[in-house]
Amino acid sequence: MFPVRGSCHCGNILMDMELARAPDTYQPRACNCDFCRQHNAAYVSDPQGSLAIWIKDQNLSGKYSQGSGQAAFLFCKHCGVLVGVYYSHEGRVYAAVNARAVQGGKPFGPEQSASPQTLSASDKVQRWQALWFSSVNIVCC
Ligand SMILES: [Zn+2]
C-alpha cells in the first residue's frame, strides 16, 4: 500500500490515505459542477484503499450539501480549504479526497474531467460506492 497524507491549510483537518497503487497512477476527477469549479476541486479515491480523517477542532469543521443533497463536502472553517466529500449509507462511510489538499495534487497523475451532476440520485450513489474509499474513519478529537 502507498501512504499519502493531505490536510487543510491550517492543519485542523488531516487525511491519511492508503492507496493500492502508486499515487501517480491515479487521475483526479475534476468535477465540473458549479460548487467544485468554485473550489477548483478534483477528487481522488480508491475502493481498495482506506482513508482516515482527523479533525482537531470539530467546531472549525464545516459540512455543506448541494445538488441532490446526499453527500456532504467537508471543509475547514478556519482556513476555508475543502478537503473532500463523503456519504454515509447503512453505517458505512464512503469518501473521496480533494487532490488539491494533498500537496496541491502533485503526487497524482493528470486530471480528468467528470460530470456526476448529470447522473440521477441513485446513479450517483452507485458511482460513489464503486469509486470512493469505502474504508473510511472520521475521527474527531
Ligand atoms: Zn484549516
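Residues numbered from 1 in each chain as written. Predicted model: local features only at pLDDT ≥ 70, side-chain atom pairs only at ≥ 80, totals over all residues. Heavy atoms only, no water.

1. Concerning the overall build of the chain
For the record, the criterion: Segments assigned H or I by DSSP are reported as helices when at least four residues long, segments assigned E as strands when at least two residues long, and all are numbered from the N terminus. With the radius of gyration taken over C-alpha atoms, the globule rule is written as 2.2 Å times the number of residues to the power 0.38. Every residue pair with non-hydrogen atoms within 4.5 Å of one another is taken to be in contact. Throughout, the Shrake-Rupley method with a 1.4 Å probe supplies accessible areas, and for residues the shown protein chains are the sole cover considered. Residues scored as charged are limited to Lys and Arg (positive) and Asp and Glu (negative), so that His and the chain ends carry no count. Every charge is mapped to an atom, namely NZ of Lys, CZ of Arg, CG of Asp or CD of Glu.
If you tally the helices and strands in the chain, you get 2 helices and 11 strands. Listing the helices and strands of the chain from first to last along the sequence gives β-β-β-α-β-β-β-β-β-β-β-α-β. For 141 residues, the compact-globule estimate of 2.2 N^0.38 gives 14 Å, and the C-alpha radius of gyration of the chain, at 14 Å, lies within 12% of that figure. Counted over contacts in the chain with a minimum sequence separation of 6, partners at least 24 positions apart contribute 62%. Here the chain has roughly 7200 Å² of accessible surface; of this, 47% comes from carbon and sulfur atoms. One finds the centroid of the 12 positive side-chain charges in the chain at a distance of 4 Å from the centroid of its 9 negative side-chain charges.

2. Considerations on the sheet that holds strand β1 (residues 2-7)
Our working definition: A pair of strands is considered paired only if DSSP assigns at least 2 bridges between the two. Axis lines are fitted through C-alpha atoms, for helices just across the contact stretch, and the angle between N-to-C directions can take any value from 0 to 180 degrees.
The 4 strands are arranged β1-β2-β5-β11 in an open sheet whose pairing can be described as mixed. Every interior strand has two partners, whereas the edge strands, β1 and β11 (136-140), have only one. On average, each strand axis in the sheet is tilted by 15° relative to the strand beside it, whichever way the strands run. Where β1 meets strand β2 (residues 13-19), 6 bridges bridge the pair, whose relative direction is antiparallel.

3. Quick word on the coordination of the zinc ion
What counts, and what does not: Coordination here is defined by N, O and S atoms within 2.8 Å of the metal (3.2 Å for Na, K and Ca), and since water is not considered, a site can look incomplete. Under the classification used here, a metal with four donors is tetrahedral if each angle lies between 85 and 135 degrees, square planar if opposite donors are over 155 degrees apart and the others between 65 and 115, a six-donor metal meeting that same test is octahedral, and anything else is irregular. Throughout this description, buried means an accessible area under 20% of the type-specific maximum (1.4 Å probe, protein chains only), exposed means over 50%, and partly exposed covers the range between.
At 2.2 to 2.4 Å from the zinc ion lie its protein donor atoms, namely Cys8 (SG), Cys10 (SG), Cys76 (SG) and Cys79 (SG). For the zinc ion, the 4 donor atoms in the first shell make angles of 104 to 120° at the metal, a pattern classed as tetrahedral. Going along the chain, you hit the donors of the zinc ion in the pattern C-x1-C-x65-C-x2-C. Placement of the pair is Cys10 in the loop between β1 and β2 and Cys76 in strand β7 (residues 72-76), with a sequence separation of 66 residues. Residue classification places Cys10 among the partly exposed residues on the basis of a relative accessible area of 35%. Judged by its relative accessible area of 0%, Cys76 is buried.

4. Overview of unusual backbone geometry
The phi angle of most residues is negative, glycine excepted, and most peptide bonds adopt the trans form. With a phi close to 50°, Glu90 is a non-glycine residue in the positive phi region. In this fold, Glu90 is placed in the loop between β8 (82-89) and β9 (92-98). At Gln103, a position not held by glycine, the phi torsion is positive, near 45°.

5. Comments concerning the nonpolar core
What counts here: To form a nonpolar core, buried Ala, Val, Leu, Ile, Met, Phe, Trp, Tyr and Cys residues must be joined to one another through side-chain atoms within 4.5 Å.
Of all hydrophobic cores here, the largest spans 24 residues; its most connected members are Ile13, Met17, Leu51 and Phe108. Residue assignment for this core shows that the elements contributing at least two residues are β2, β5 (50-55), β7, β8 and β9. No other element matches the 4 residues that β2 contributes to this core. The residues contacting Phe108, other than those within four sequence positions of it, are Val4, Leu19, Pro23, Asp24, Tyr26, Pro28, Val44, Ala99 and Val102.

6. Overview of the packing of aromatic side chains
Short version of the rule: For Phe, Tyr and Trp, rings pair up if their centres lie within 6.5 Å, where Trp contributes its six-membered ring, and each pair is then called stacked (planes under 30 degrees apart), edge-to-face (over 60) or tilted (otherwise).
Applying the stated criterion to the full structure yields 5 aromatic pairs. Note on Tyr87 and Trp128: the rings are 5.1 Å apart at their centroids and 55° apart in plane angle, and the pair reads as tilted. Residue Tyr87 is located in strand β8, and its partner Trp128 is located in helix α2 (residues 121-131); the two are separated by 41 residues in the primary sequence. This pair shows no difference in class: Tyr87 is buried, exactly as Trp128 is.

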